[in-house]
Amino acid sequence: MTELIRIVRFAVGSADPDGPGEHANGHGGFPSARGLDRYFELSVRCRGELGSQSGYIVNIKVIDDVVRSGAAAVIARACRDRPDAEPGELMPEILETIRRACPAEVSSVTLRLSPYYCVEMEARDRSRVLVRQRFEFAASHRLHVDHLSDEENLLLFGKCNNPRGHGHNYIVEPCVECALDEDSRQPFTLLDLERLTIACVVEPFDHRNLNLEVDDFGPGGVNPTVENIARVCYERLAKPIGNLGKGARLRSVTVWESERTAATYPA
Ligand code: NI
C-alpha cells in the first residue's frame, strides 16, 4: 500500500474557473485570484496499490479536476451564502465530492485557509474534523539537571546549559478534534481555540524565563526541553478544551523550537 498526497491551490470569489486553460499557474493557484479573492489550499491524501502499467495510485489530474470543479464550488457557495460558517462544516461535503470522483481510497482531506490554520477530515470518522492553528511565544530557558555535576550537565546539554540561559521563538500548534452535530455544525470554533491557547500557554510563557517564571519548569518541575514543553502545553490545554462542553477534544500539541526541531505530544 502506498500513500499519495496532492495539494491543489485555488482562489474563490470572482476567479474564473475557465481561466487560461493549459497555461494555468497551478503552483501559484488556479483559478487565479482576481482582485481581493480568497485563497485556499486543499490537500488530498489517498492510498492504494499502484497500477501495474501507470505506476500511479491515481492520476493527480483527476484530483485537481474534482477539487477545482467540485470542492471549490462547495467553498464558493458557502462564501456567498453563509460566510460565517466554520470551515469544518463544509468538510463532509468536500470529502464526499472528492471521494465520489476519486478512483483510489481517500483517507483524508485538509482545507488550508492560511499558512497557519487548517481543517482536516479523516475518512474514517466523518463526525468530526481536526482543527490546527499556530501560535508563537518567545521565551528563554536553560537545560539543567540539579542532581548532576556542572561537568555532567555541560557534557549532556552543551551550550543549552549556559547558566544565563538562551532564547527561542517557539511555535505551538494544537490539534483539536471538533465534533460536528447532526446538522454538520461545528460548535467549537477557531475563536475558542485561540482564546484558550492564548490564556493557557501563550500568556503564561511569552517573554518569560521558563525555568524561573513558569511553575511547570521551575524547581520541582521538568527540564524545559522542547519535548517537555509540548507535553506541558498539552496538559495545560486538554482540560479547558474538554470542559467547554462543545464536543472538542485536544488530540495533540506540536511545538517547534526552531525550523529544524519540533516535538509532538502525545505521539
Ligand atoms: Ni534551547
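Structural data are supplied above this passage.
Since the model is a prediction, treat every value here as computed from it, not as a measurement.

(A) Structural view of the coordination of the nickel ion. Summarising the metal site, the nickel ion is bound by the protein donors His-141 (NE2), His-166 (NE2) and His-168 (NE2), whose distances to it range over 2.0 to 2.1 Å. Sequence positions of the donors to the nickel ion reduce to the motif H-x24-H-x1-H.

(B) Here's a closer look at the packing of aromatic side chains. Enumeration according to the criterion identifies 5 aromatic pairs in this entry. For the pair Phe-137 and Tyr-170, a centre-to-centre distance of 4.9 Å together with 20 degrees between the ring planes defines the contact as stacked. Here Tyr-170 lies in strand β7 (residues 166–179) and Phe-137 lies in strand β6 (residues 135–141), a separation of 33 residues in the sequence. Residue Phe-137 is classed as buried on the basis of its relative accessible area, which comes to 1%. Owing to a relative accessible area of 0%, Tyr-170 belongs among the buried residues under this scheme. Every member of this aromatic cluster is reached through a ring pair, and the members are Phe-137, Tyr-170, Phe-205 and Phe-217. A cation over a ring is seen here: Arg-134 above Trp-256, with NZ or CZ 4.3 Å from the ring centre.

(C) Broad picture of the side chain of Glu-173. Counting through the fold element by element, Glu-173 comes out in strand β7. The class of Glu-173 is buried, set by a relative accessible area of 10%. Excluding residues within four positions of it along the chain, Glu-173 makes contact with Arg-132, Gln-133, Arg-134, Ser-252, Val-253, Thr-254 and Trp-256.

(D) Main features of helix α1 (residues 60–81). End to end, α1 covers 30 Å across 22 residues, agreeing with the expected 32 Å (1.5 Å per residue, within 8%). Along α1, the sharpest kink reaches roughly 35 degrees, centred on Val-67. Where the residues of α1 are buried, they touch β1 (2–12), β2 (38–48), α2 (91–101) and β3 (105–114).

(E) Quick look at the pattern of salt bridges. Per the stated rule, a full pass over the model turns up 25 salt bridges. Where Arg-68 meets Asp-64, a salt bridge forms, and the shortest distance between an N and an O atom there is 4.0 Å. With Arg-68 and Asp-64 both in helix α1 and 4 residues apart, the pair spans about one turn of that helix. Judged on exposure class, the residue Arg-68 and its partner Asp-64 are both buried. Salt-bridge contacts for Glu-235 lead to Arg-231; the nearest nitrogen and oxygen are separated by 2.9 Å.

Rules behind the numbers
Residues numbered from 1 in each chain as written. Predicted model: local features only at pLDDT ≥ 70, side-chain atom pairs only at ≥ 80, totals over all residues. Heavy atoms only, no water. Donors = N, O, S within 2.8 Å, 3.2 Å for Na, K, Ca; no water. Phe/Tyr/Trp six-rings, centres within 6.5 Å; stacked < 30°, edge-to-face > 60°. Helix = DSSP H or I, 4+ residues; strand = E, 2+ residues; numbered from the N terminus. Buried < 20%, exposed > 50% of the residue type's maximum accessible area, 1.4 Å probe, protein only. Lys NZ or Arg CZ within 6 Å of the ring centre and 35° of its normal. Contact = heavy atoms within 4.5 Å. Expected span 1.5 Å × (residues − 1). Bend = angle between axes of the 7 residues up to and from the residue. Salt bridge = Lys/Arg side-chain N within 4 Å of Asp/Glu carboxyl O.

Distances and angles like these do not, on their own, reveal function.
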